[in-house]
Amino acid sequence: MGMKRRKKVKLNYSKERVLFSDVLPYECPIIFSNKYLYRFLAKYLWVGKVGKKETQLKQTKRTDEEDSSAFAALLFGCYEHGKPISDLKHKNSALFYPYQFNIAHKTNKTRTLSIIHPYNQWQVVEFYDQYKYSILYLCNQSKYSIRKPHKIAQYFYYRDRLHRRLSGHESDKVELFFNEYENLKTYFSYEKYSNIYKFYEDYRYQRAEKKFKLLVKFDLQSCFDSIYTHTISWATAGGADKVKVLPGYHGSWVGDAFDNLMQSVNARETNGIVIGPEFSRIFAEIILQYIDQKVEQELLGKDLRQKSSYECYRYVDDYFLFYNDENDRNLFMESLTKWLKEFKLQISPSKTEEFERPFITKVTIAKQQIENLLSTIFSTPLWEEVESKLNAEEEEETEDEELDKDREILDKKFNIYLSANSVNAQIKAIVRECGIEYRDIANYLLEKISQRLDAFLNRYEIGFKKYERLMSKEEANKDEVEIHAQRVQRKLTSYLVSLIDVVFFVFNSNRQINTTLKLLKIMNSIIIYGKRHGDFKVNPEVRFQTISKDIIFKKIQDEIALVLATTDTHRNTLHESLYLLILAKELGYAYLLAPEVIKSFIGKSELQYNLFACIILLYYYANHKCYYEQKALLKKEILKKYRLVAESERKRNSELTILTADMMTCPFVDDAYKQSLLALIGITEIKDQQMIMRFAKKQKYIFTRWTMFNLNKELQAKISQEVYS
């Protein structure tokens, strides 16, 4: 029986997968996702019949499950008093209000992101399904663009034994499929660069440097806020005849359909498009590609050619223009400005940066210095003179030789030490000397520390395994081994405590969502390692004495408490601070933050009880008795939220709809409270309320993963999705 060949199975996508890639902003809290909404839609298959005046939603799979229809009525905002539950209808002109939340953006500026109503999310799924080929056609018109969808992402799944071994059980095939599949980053696969950093390291950038002496970098002024939805129709009008012959074309013109969709998800607003979702970037991309084309054609008429007289690259709304002659640059800028103006867009005046060859930015210089600094911190040999031998562990030696090899670690000095103050001072110096701001490098720094720490812990593990093996050998002196192991554990503990200090220092210099995620990733590695604690002599597999684990966890707890305490000086970083409660919960029951800490944070940050604030606080309070009063207060605040919205609009308000659906699945509030929320959103029939609550128990989660949350797994999936950083 030879090696079984890996069988490559191509998965057929369900159209609903748009939900977990292209609909929610990346900056949602890590416990909040569309994974379960996707499962709900895919499992019951909601199909819409669009008439002249209204759209009717019908369930085409598992139609006998009436409870799911009641839940859909809540989710899609289709509940009408006195009408049968299966009657899910919407007027085509109905207004839906997105939920908007702020995150820290550039210095002292916030960016408002949107989460659209679940019914609109269903509409986006249908739109992609109908117009995917047209979208691809329209996004492949520009020679400048370096982040464009170029085909529908494919996903292959290898059936092999290794896969089964790693995932433990074969029985859970469905779950495994869902998990792998749900980590797909986007509906379309993107040509060239998913992330702007990759462009800097690319040969194109290097090659342009050989051909051109000058580079100007600029972006568009609040591009998404300024886009006027009707302009999509102008930008696509020329393509109408060509697209009509494409496969999958169904009649109504994609430009008008997209315009209609963008208005529908944004309360029929025609000025500005919602910020955050991938489909908004695609909308902007189609318009900007049209402008690119116009500019390129106009310049050709003046004998200026992309790639020979100049080279222009555009990454969403960031432009890079390489050129040799000022005159060429002026012609380019004139033409671009003119076409942007047609579309009510303009270049941001403040952000234009100019470079002469060599195009090395201050940030690049800073990154090189950071690289050197991290090398000194992380690459010292852990056990003096022994590391070279540690890595080359040869297999199949005799027992005695192996024992001698393990024994030599007892003669080696373990020397790692880190001074947090000194490292923090060096980081300050780099920022100062390079003339940059913390926000230019904070994300990069944390990303690099995260990578280095994982490698460092692996090296440590190889060495420490020797102590573990010695404990199982008859001839070894157990007491001596234990003394060595404990000394090493103590040193690692103080090293990690200093590292935690450095990481929070960097985070506090620039609190942003992506730095928060990188911080979570680093702390997660440390916490997972720290959880292997106990008495080494009893169980040599432990890595920390319990007291060491306490020191580390206490340090993380203190740093989180400090972030919450200083939140008033970081006025606009509410979510960035709140997300750390998700990390605090990972430390376990013994490290709950004192109720006063949270109380004072709520006061100081002038916390507006928005959807995410409510969800994260509730997730953190859970059913802990110490937060009983605070939870009661939170429940009152949630009731107030409903009363602030006119009764007729509540069910079309995304924030209230998502909150209500989520509260139905929440194990930390009682049924009577759930019923009062349903009544507020307009579902007053006891029978209907019971159907919804019954279904929520069965569905388990809808947006927020209230229990059994696996930070490690969710981080892997989330970080792989980063778009802008």
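In the annotation of an unreviewed UniProt entry, the protein chain is listed under the name RNA-directed DNA polymerase and assigned to Xylanibacter rodentium.

**Q** Pulling in residues and values, what's your account of the packing of aromatic side chains?
**A** Applying the stated rule across the entire model yields 43 aromatic pairs. When the ring of Phe-40 is compared with that of Phe-695, the centres are 5.5 Å apart and the planes differ by 70°; the resulting orientation is edge-to-face. You can see Phe-40 sitting in helix α1 (residues 35-44) and its partner Phe-695 sitting in helix α29 (residues 686-699), a full 655 residues away along the chain. This pair shows no difference in class: Phe-40 is buried, exactly as Phe-695 is.

**Q** Can you break down the sheet that holds strand β13 (residues 353-356) residue by residue, with the values?
**A** If you trace the four strands from one edge of the open sheet to the other, you get β11-β12-β10-β13, paired in antiparallel fashion. The two strands at the open ends of the sheet, each matched to only one other strand, are β11 (310-315) and β13. When strand polarity is set aside, the average angle formed by the axes of neighbouring strands in this sheet is 15°. Direction of pairing for β11 relative to strand β12 (residues 318-323): antiparallel, over a ladder of six bridges. Bridging from a neighbouring strand, Arg-314 pairs with Tyr-319 of β12.

**Q** Residue-level account of the pairing of strand β2 (residues 46-50), with values.
**A** Each regular strand displays side chains that alternate between the two surfaces of the sheet. By the bridge criterion, five bridges tie β2 to strand β3 (residues 54-59) in an arrangement that is antiparallel. Along β3, the bridge assignment pairs Trp-46 with Gln-59. A loop of three residues connects β2 with β3, the two strands running antiparallel in sequence.

**Q** Give a description of the packing of helix α17 (residues 420-434) against helix α19 (residues 478-509) that names residues and reports values.
**A** Between α17 and α19, the least distance of the axes is 9 Å, while the angle of their chain directions is 30°. Judged on the interaxial angle alone, α19 and α17 are roughly parallel. Once α17 is placed against α19, the crossing between them reads as right-handed. Across the interface between the two elements, Ala-420, Val-423, Asn-424, Ile-427 and Lys-428 from α17 touch Ser-498, Asp-501, Val-502, Phe-505 and Val-506 from α19. Considered class by class, the residues forming the contact of α17 with α19 number six nonpolar, two polar and two charged.

**Q** Could you give an account of the nonpolar core, with specific residues and numbers?
**A** By size, the foremost hydrophobic cluster in this structure holds 241 residues, and its most contacted members are Phe-71 and Phe-332. Take this core: its biggest share by element is 14 residues, from α19. Not counting the four nearest positions on each side in its chain, Phe-332 is found in contact with Tyr-144, Phe-218, Val-295, Leu-299, Tyr-310, Cys-312 and Leu-321.

**Q** Before we move on, could you go through the UniProt feature "coiled-coil region" (unreviewed entry) in the protein chain and cite the residues and values that matter?
**A** UniProt annotation of "coiled-coil region" (unreviewed entry) refers to residues 464-491 when read in the numbering used here. Along residues 464-491 one finds 75% helix and 0% strand; the C-alpha atoms at either end are 13 Å apart.

**Q** For the confidence of the model for the protein chain, give the residues involved together with the corresponding values.
**A** Summarising the model, the protein chain shows a mean pLDDT of 87, and 87% of its residues fall at 70 or more. Below pLDDT 50 for its whole length, residues 157-178 participates in 27 contacts with residues either more than four positions away or in separate chains.

**Q** Provide a residue-level description of unusual backbone geometry, including the pertinent values.
**A** Cis geometry is adopted by the peptide bond preceding Pro-358, which originates at Arg-357 and carries an omega value of -5°. The phi torsion at Val-316 lies on the positive side, around 50°, for a residue other than glycine. Of note, Val-316 is situated in the loop between β11 and β12. Among the residues examined, Val-316 registers a relative accessible area of 4% and is labelled buried. Backbone geometry at Glu-606 places phi at a positive 45°, although glycine is not the residue there. Within the fold, Glu-606 resides in the loop between α24 (595-604) and α25 (611-621). Residue classification places Glu-606 among the partly exposed positions, given a relative accessible area of 46%.

**Q** So what about the side chain of Lys-148? Which residues, and what values?
**A** Summarising the element assignment, Lys-148 is placed in the loop between α3 (118-138) and β7 (149-152). On the basis of relative accessibility, which here comes to 8%, the residue Lys-148 falls in the buried class. Engagement of the side chain of Lys-148 in a polar contact is seen with the backbone oxygen of Ser-142, the distance being 2.9 Å.

**Q** Requested: an account of the sheet that holds strand β4 (residues 88-91), with residues and values cited.
**A** A sheet is described by the order of its strands in space; here three strands give the open sequence β2-β3-β4, paired in antiparallel fashion. Bordering the open sheet on either side are β2 and β4, each of which pairs with just one other strand. Within the sheet, the average angular offset between the axes of one strand and its neighbour, ignoring direction, is 25°. Pairing geometry for β3 and β4, over four bridges, is antiparallel. Residue pairing in the sheet places Gln-56 in a bridge with Lys-89 of β4.

Cut-offs applied
Residues numbered from 1 in each chain as written. Predicted model: local features only at pLDDT ≥ 70, side-chain atom pairs only at ≥ 80, totals over all residues. Heavy atoms only, no water. Phe/Tyr/Trp six-rings, centres within 6.5 Å; stacked < 30°, edge-to-face > 60°. Helix = DSSP H or I, 4+ residues; strand = E, 2+ residues; numbered from the N terminus. Buried < 20%, exposed > 50% of the residue type's maximum accessible area, 1.4 Å probe, protein only. Pairing = 2+ DSSP bridges. Axes fitted to C-alpha atoms, helices over the stretch in contact; angles between N-to-C directions. Parallel < 35°, antiparallel > 145°, perpendicular 65-115°, else oblique. Left-handed = near helix turned anticlockwise from the far one by under 90°. Contact = heavy atoms within 4.5 Å. Nonpolar A, V, L, I, M, F, W, Y, C, P; charged D, E, K, R; others polar. Core = buried A, V, L, I, M, F, W, Y, C linked by side-chain atoms within 4.5 Å. UniProt positions renumbered as here; feature names shortened; annotations may be inferred. pLDDT = per-residue confidence, 0-100. Polar contact = N/O pair within 3.5 Å; in protein donor to acceptor, adjacent residues only side chain to side chain.

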